[in-house]
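This is what each chain is made of:
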Amino acid sequence: MNKIALLVSALLTLSASAVAQDKPFGIAIHGGAGTISKANLTDEQIKAYQDKLKEAVNKGHSVLAKGGDSLEAVKVAINVLEDSPLFNAGKGAVYTFDGGHELDASVMDGKTMNAGAVAGVRHIKNPIDLAIDVMDKSAHVMLSGDGAEEFALTQGYQLVPQSYFDTEQRYNQLLKAKQKLTEKELATKDYQASLMALDLEYKFGTVGAVALDKQGNLAAGTSTGGMTAKRFGRIGDSPVIGAGTYAENNVCAVSATGHGEYFIRYHVAGDICARVKYQDKSIIQAADEVINQRLITAGGTGGVIAIDGRGNIATPFNTEGMYRATQRNDEPANVMIWKDI
Ligand code: ASP
């Protein structure tokens, strides 16, 4: 290459990185929505949640600040929450009716429209990692149960025992939920109806992240233990692309938490992005319409985190609280649990 060509190429690289520096970027995370009552949490517990949310959002944000990609930011933020017993994902996942743990997770890359998901896995420490590997290294979008774990073994994963996910607090929740279920089932003679009626008494706690990187790429991911006392191999919205997770460049990225049966039927993540894409609505308006109008009318409880291609973030929820945090550009993290704090 002659000197002029070298100079031109150096100038192009410089101006490309200058442009990337000015590009908006950001991340939002959630640690579940539900009946999070202020009266039931001690100051220490509130601080523990806030600290963990801050750690997760900071970790994802620093990937983006260094010019890293949105998918990596989503993964590292979710890993922090999966490894914490505070949230219903990875360690600390809720119990099934039979006293085990079955985990669901999914991821979507808005640049390629690729997606990966796992459902009902029982021995995977970080299900979001496996969802990413399903996306990148398999010919499929969703793998479930034993098959997903067989695939994990081919990718060099170490399986963990079910006891890894155990926590006393979640076990007590199971006992409480089973007692209420039995009472309601005896009264109504209808297991399904009694499970639906239990909805608001379930502590949710699913985790998720959405991010926009400096290259303009959007990504979303969600990881969960599902709902307490779930039975019969029940799978929620979290691993369902378009329901619990969705990302499309220049449109939006969404991760949901709430009563999964409603989020599947109302195609929540996809519906929000469709309103942005086809009706030209802002992310704030689109997310609010779906969570606070459409879902409320249907009786579905929960919330979402959403980010658009310009870095605007929406975090609506129709429950008492939703653990969440956001961090954009060079701003500090904003950590919230209820509407006001
Ligand atoms: N959406 C999850 C599910 O239904 C639960 C949650 O968000 O906490 O499995």
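Provided above is the structure to which this section pertains.
Residues numbered from 1 in each chain as written. Predicted model: local features only at pLDDT ≥ 70, side-chain atom pairs only at ≥ 80, totals over all residues. Heavy atoms only, no water.

## Quick word on the packing of aromatic side chains
To be explicit about the condition: For Phe, Tyr and Trp, where Trp contributes only its six-membered ring, two rings pair if their centres lie within 6.5 Å, and the inter-plane angle classes them as stacked under 30 degrees, edge-to-face over 60, or tilted in between. Here a helix means four or more residues in a row that DSSP labels H or I, a strand means two or more in a row labelled E, and each is numbered from the N terminus. For the exposure calls, accessible area comes from a 1.4 Å probe over protein chains only, and a residue counts as buried if that area is under 20% of its type's maximum, exposed if over 50%, partly exposed in between. Counting as a charge over the ring demands two things of the Lys NZ or Arg CZ atom: a distance within 6 Å of the ring centre and an angle within 35 degrees of the ring normal.
Evaluation of the coordinates by the stated rule reveals 5 aromatic pairs. Note on Y49 and F87: the rings are 5.5 Å apart at their centroids and 75° apart in plane angle, and the pair reads as edge-to-face. Of the two residues, Y49 is situated in helix α2 (residues 43–65) and F87 in the loop between α3 (70–82) and β2 (103–109); the sequence distance between them amounts to 38 residues. The pair formed by Y49 and F87 is uniform in burial state, with each residue classed as buried. Centroid distance Y164 to F165: 5.1 Å. Interplanar angle 80°. Geometry classified as edge-to-face. Judged by relative accessible area, F165 falls into the buried class, the value being 0%. Taken together, the ring pairs in this structure connect Y49, F87 and Y323 into an aromatic cluster. Positioned over the ring face of F97 is K178, at 4.4 Å from the centre of the ring. In this arrangement the basic side chain of K339 is found over the ring face of F317, its NZ or CZ atom lying 4.0 Å from the centre.

## Quick look at the nonpolar core
The test is simple: As used here, the term nonpolar core means buried Ala, Val, Leu, Ile, Met, Phe, Trp, Tyr and Cys residues forming a set that is joined through side-chain atoms within 4.5 Å. A contact between two residues is defined here by any heavy atoms of the two lying within 4.5 Å.
I27, I29, L53, L130 and Y323 are the most contacted members of the largest nonpolar core, which totals 51 residues. Top contributing element to this core by residue count: α3, with 8 residues. Those residues in contact with L130 that lie beyond four places of it in its chain are V118, V121, I124, A148, F151, A152 and Y157. Within the second largest apolar cluster, 36 residues are counted, among which are M108, L212, C273 and V290.

## Let's talk about the environment of R231
Following the sequence through the fold, R231 ends up in the loop between β6 (218–224) and β7 (245–248). You can call R231 partly exposed: its relative accessible area is 25%. Along the chain, R231 and T96 lie 135 residues apart, while their C-alpha atoms are 6.3 Å from each other.

## Some thoughts on the pattern of salt bridges
For clarity, the threshold we go by: For this analysis, a salt bridge means a side-chain nitrogen from Lys or Arg found within 4 Å of a carboxyl oxygen belonging to Asp or Glu.
In this structure the tally under the stated criterion is 14 salt bridges. Note that K75 is salt-bridged to D129, the shortest N-O span being 3.1 Å. A residue pair is termed long-range when its members are at least 10 positions apart, and K75 in helix α3 and D129 in helix α4 (residues 127–137) qualify at 54 residues. With its nearest N and O atoms 3.6 Å apart, the salt bridge here joins K125 to D83. Of this pair, K125 sits in the loop between β3 (114–121) and α4 while D83 sits in the loop between α3 and β2, and the two are 42 residues apart along the sequence. What emerges from the salt-bridge pattern is a single network uniting D271, R275, K281, E289 and R294.

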